[in-house]
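Spelled out, the chains give:
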Amino acid sequence: MSAQQALVASATRARPAGRRGWLREALTGWAFSAPFLVIFLAFLALPILASFVLSFTNFSLGNLVDPLSARFIGLNNYAKLLHDPKFLQAALNTTIFVVFGTILNLAVGLAAAVALNRGITRFRAIFRVGYYLPVVSSIVAIAVIWRFLFNADFGLVNGLLHTVGISGPDWLGNPTLAVGIIVALMVWRNFGNAMIIFLAGLQGIPNDLYEAARIDGANRWQEFRSITLPMLRPTTLFLSVLTTIGFLQVFEEPFVMTQGGPLNKTLPISMYVYQQGFNFFHQGYASAMAYTLFVVIAAITLIQFRLLRSET
Amino acid sequence: MKPFGHAFRVVALLALAIVPAACGAANPNTGASVNGPVTLQVWANGDEGDKLAASQAMASFKQANPNITINVTPLPWTTAHDKLITSIAGRATPDVAMIGTTWMGELTKLNAVTGLPSSVNKSDFFAGGMDTASANGTAYGLPWYVETRVLYYRKDLADKAGVSAPPATWDDLMTMAQKLKAGGSKYGIDLQTNDWQEFIPLIWSAGGDVMKNGKFTLDSPEAVKALTFYSDFFKKGLTRSSQPQGFDLIQAFVAGDDPSFISGPWMAGLITKAGLDQSKWAVAPMPKGDKSATSFVGGSDWVVFKNSKSQDAAWKFVQFMTSKDTQISWYKEIKDLPSRPDAWTDAALTADANLKVFGAQLKDAHSPPNIPQWEEVAKAIDDWQEKASLNKATPADAAKGMQQQATQIIGG
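**Here's the deal with the overall build of chain A**
Here is step 1: On a plain count of helices and strands, chain A comes out with 14 helices and zero strands.
Here is step 2: Listed by position from the N terminus, the elements making up chain A come as α-α-α-α-α-α-α-α-α-α-α-α-α-α.
Here is step 3: Computed over C-alpha atoms, the radius of gyration of chain A comes to 26 Å, more than 25% over the 20 Å expected from 2.2 N^0.38 for 312 residues, which places it beyond the range of a compact globule.
Here is step 4: For chain A, the spread of C-alpha atoms along the three principal axes comes to 85 × 70 × 40 Å.

**Describing the overall build of chain B**
Here is step 1: From N to C terminus, chain B includes 18 helices and 14 strands.
Here is step 2: A compact globule built from 412 residues should have a C-alpha radius of gyration of about 22 Å, and chain B, at 23 Å, falls within 12% of that.
Here is step 3: By residue count, 50% of the 412 residues in chain B fall in the buried class.
Here is step 4: Considering only residue pairs separated by 6 or more positions, chain B has 75% of its internal contacts joining residues 24 or more positions apart.

**Description of the sheet that holds strand β11 (residues 281-284) of chain B**
Backbone-to-backbone hydrogen bonds pair the strands of a sheet. The strands run either parallel or antiparallel.
Residues and elements named next belong to chain B.
Here is step 1: Read from one edge of the open sheet, three strands run β10-β7-β11, paired in antiparallel fashion. Every other strand in the sheet has two partners, leaving β10 (260-263) and β11 as the edge strands with one partner each. If you compare each strand with its neighbour and ignore which way they point, the axes differ by 25 degrees on average.
Here is step 2: Relative to β11, strand β7 (residues 150-154) runs antiparallel, the two sharing four bridges. For Y152, the partnering residue across the bridge sits in β11 and is V283.

**Here's the deal with the domain arrangement of chain A**
Here is step 1: Here chain A is described as being made up of domain 1 (3-54) and domain 2 (78-311).
Here is step 2: Placing a centre on the C-alpha atoms of domain 1 of chain A and another on those of domain 2 of chain A gives a separation of 39 Å.

**A look at the pairing of strand β3 (residues 96-100) of chain B**
Residues and elements named next belong to chain B.
Here is step 1: Among the five residues of β3, four are classified as buried, and the element is accordingly described as predominantly covered.
Here is step 2: Sheet topology places strand β1 (residues 38-45) next to β3; two bridges connect them, and they run parallel. Each bridged residue has a counterpart across the sheet, and for V42 the counterpart in β3 is V96.
Here is step 3: Where β3 lies against strand β12 (residues 295-304), five bridges are found, and the strand directions are antiparallel. The partner of V96 across the bridge, within β12, is V304.

**Thoughts on the environment of A165 of chain B**
Here is step 1: Along the chain, A165 of chain B turns up in the loop between α7 (155-160) and α8 (170-182).
Here is step 2: For the pair A165 of chain B and K155 of chain B, spaced 10 residues apart in sequence, the C-alpha to C-alpha distance is 9.0 Å.

**A word on unusual backbone geometry**
All names here are of chain A.
Here is step 1: Of note, the phi angle at Q259 is positive, near 55 degrees, even though the residue is not glycine.
Here is step 2: Counting through the fold element by element, Q259 comes out in the loop between α12 (252-257) and α13 (269-279).
Here is step 3: Residue classification places Q259 among the partly exposed positions, given that 16 C-beta atoms sit within 10 Å.
Here is step 4: A positive phi is found at L263, a non-glycine position, where the angle reads about 55 degrees.
Here is step 5: Within the secondary structure, L263 is located in the loop between α12 and α13.

**Quick notes on the packing of helix α5 (residues 124-136) of chain A against helix α8 (residues 175-203) of chain A**
A pair of packed helices is characterised by two quantities: the angle between their axes and the separation of those axes.
Residue and element names in this part refer to chain A.
Here is step 1: Running from N to C, α5 and α8 point in directions that differ by 120 degrees, and their axes come no closer than 7 Å. In terms of orientation, α5 and α8 fall into the oblique class. The two elements α5 and α8 cross, and the hand of that crossing is left-handed. Across the interface between the two elements, Y131, Y132, P134 and V135 of α5 pack against W188, R189, N190, G192, N193, M195 and I196 of α8.

**Structural notes on the nonpolar core**
All names here are of chain B.
Here is step 1: In terms of nonpolar packing, the biggest core is built from 116 residues, with V96, V303 and V318 touching the most fellow members.
Here is step 2: There are two domains that each give this core at least three residues, and those are domain 1 (34-148 + 297-366) and domain 2 (150-295 + 370-411).
Here is step 3: Ignoring anything within four residues of it in the chain, the contact list for V96 reads L40, V42, W302, V304, A314, F317 and V318.

**Comments concerning the domain arrangement of chain B**
Residues and elements named next belong to chain B.
Here is step 1: Splitting chain B by domain gives domain 1 (34-148 + 297-366) and domain 2 (150-295 + 370-411).
Here is step 2: The straight-line distance from the C-alpha centre of domain 1 to that of domain 2 is 28 Å.
Here is step 3: Facing the 21 residues of domain 1 at the interface are 20 residues of domain 2.
Here is step 4: At the level of secondary structure, the elements contributing two or more residues to the side of domain 1 that touches domain 2 comprise α5 (104-109), β4 (134-135), β6 (141-148), α16 (353-362) and β14 (365-366).
Here is step 5: Examining the composition of the side of domain 1 that touches domain 2, we find that five residues originate from one element, α16, more than from any other.

**Considerations on the environment of F358 of chain B**
Residue and element names in this part refer to chain B.
Here is step 1: On the secondary structure map, F358 appears in helix α16.
Here is step 2: Here F358 falls in the buried class, since 24 other C-beta atoms lie within 10 Å of it.
Here is step 3: As for F358 and I328, which are separated by 30 residues in sequence, their C-alpha atoms are 16 Å apart.
Here is step 4: Look past the residues within four positions of F358 in its chain and what remains in contact with it is T148, V150, P265 and L337.

Rules of the game
Residues numbered from 1 in each chain as written. Chains lettered and ligands numbered in written order. Predicted model: local features only at pLDDT ≥ 70, side-chain atom pairs only at ≥ 80, totals over all residues. Helix = DSSP H or I, 4+ residues; strand = E, 2+ residues; numbered from the N terminus. Rg over C-alpha atoms; globule rule 2.2 N^0.38 Å. Buried ≥ 20, exposed ≤ 12 C-beta atoms within 10 Å, placed from the backbone. Contact = placed C-beta atoms within 7 Å. Pairing = 2+ DSSP bridges. Axes fitted to C-alpha atoms, helices over the stretch in contact; angles between N-to-C directions. Domains from an automatic or database assignment. Parallel < 35°, antiparallel > 145°, perpendicular 65-115°, else oblique. Left-handed = near helix turned anticlockwise from the far one by under 90°. Core = buried A, V, L, I, M, F, W, Y, C linked by C-beta atoms within 7 Å.

Put into structure tokens, the structure is as follows:
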């Protein structure tokens, strides 16, 4: 009798027999999972259901005190979205954030991982922690620093530009530059995640592949093109799924840096949901928007998972 | 990265906002008299909110009403509105709150605030201030302090640039800005790309209005004219096309970079504090448009919530804060302008030359319509104003955009 079998046997023996015992065991189980279940139902399942219902109503400021006075208006909220120029602008902004953000996030994450894996030999731990630190830092603290960096009047970047005789722009006041800075912040803040996962992927590539390539006379770049990249394919696809989902919901970076401005060029969908829901209290409309975003995310995720499955 | 994190958080917040409302039962409105000890929850915003608890006014209230304890919660202006509305939905309102002058439409639509007690004499207060505390012709609150916007300018720099008198008309203002810039300042005037409070008075001055007979008139020829005039300052490079975060207007004014701007009475103290001698700057009434020289009237009002269990004590507090004596002492402490004319006769107010300009401007100052959707309409105006200022839309198109969006907001 192995140790495990002995444990199971003793547990079976200790359990009171019969119906009462079974009931007691079930109750204990439910009691232990109750904290999670209550929180899950109250703060996740119920709100998700409630907002789904809300998205078909005209729930608005006037209904706050008496929610049941809201009327069902079918798909009107969803139809309205398609004619709301600000929503379309927000959708375009989000697309820009996702496309550029995801590509750059993967590229920088991969570069950092490769460098850490083979290039950097001294102080490796310091670099690894340094690259990962933004992921676990508070966005508010980050925003203070970044806003200082790119402040037009006394920012560090413009200060440096000034010393070489260039008068720097108002980075966050210019619509195009502001979008660039938001993307840069998103990438800087998140690439540490990609780096860690890429590192794991890199360490899973058998070393003999590289040895064989070197015997064949391949240089570093050829090794990277023909061995590293193809071997990292599943990792890359997995990361692109994660990053896309994350960036589709981008909120914090533009919220702390630009509040969506200038000219609403850095307003993502999730911030517009927030504006409509909590500044103007059109909660029906905001819910419809949130669900549209949810469906888009689900669809993109599904497509990416299909790709993932067929490629591996 | 947390997949689905934000979407879930947003829907969770949405539902949280309505769940307490659905659960809360109707609260009894017991107008208990002020006999036993009572604690009042008071929410106050901005600088006033920060200073209220430790102020002299509060000390004298406590002395006169030892039975009433006041708990002040200071809120920043940027979040006060949303917090207040959310508290109404959650039936967790304070007893008394200080509100912005454009919020009354929402609060009455939510049926959240009580009407004025009959003991209050409405004519004690400036009509413009009383308007901001009313909706649909009924008064629900009392104006605590008022403010209006006037032109601040660097007198010394204007003299040097050949501008001897304060600008009387819009053309004069444009000329002054041009001369100030030509005279060596970085800019001529400091205006915001998107601030309806700066823009709307120009519509009034041009002879237009925001709303007439329940319909917006934001695309009227007068409004287009106002927007054209406003955006010209940006197109001619006479004002900053963007204000960096943390931009300090006072420093820029003292340095002479931004030698004029339009703002409220609180700036006067800040300029003096920054060390600029009074001989070097001045305030002047708003320059006249086609029809008038109208400004914006703001400030804040006190309201008492229907959910409060101590409404009598709450009104006692509000009436104390808006009494003549408190208004004068509050002016001496914080420099907020009294909302009642009889407080203006005090020597502390009559002695100040700058204050005379504000006093005169208060006679021609409007507030925006008190409709429940005003915050949203204001955001639409801001958005289009920004487009016109940054030359992304012609003033006529931007005015049309404002009108369309605003109409849609109150229609649907």
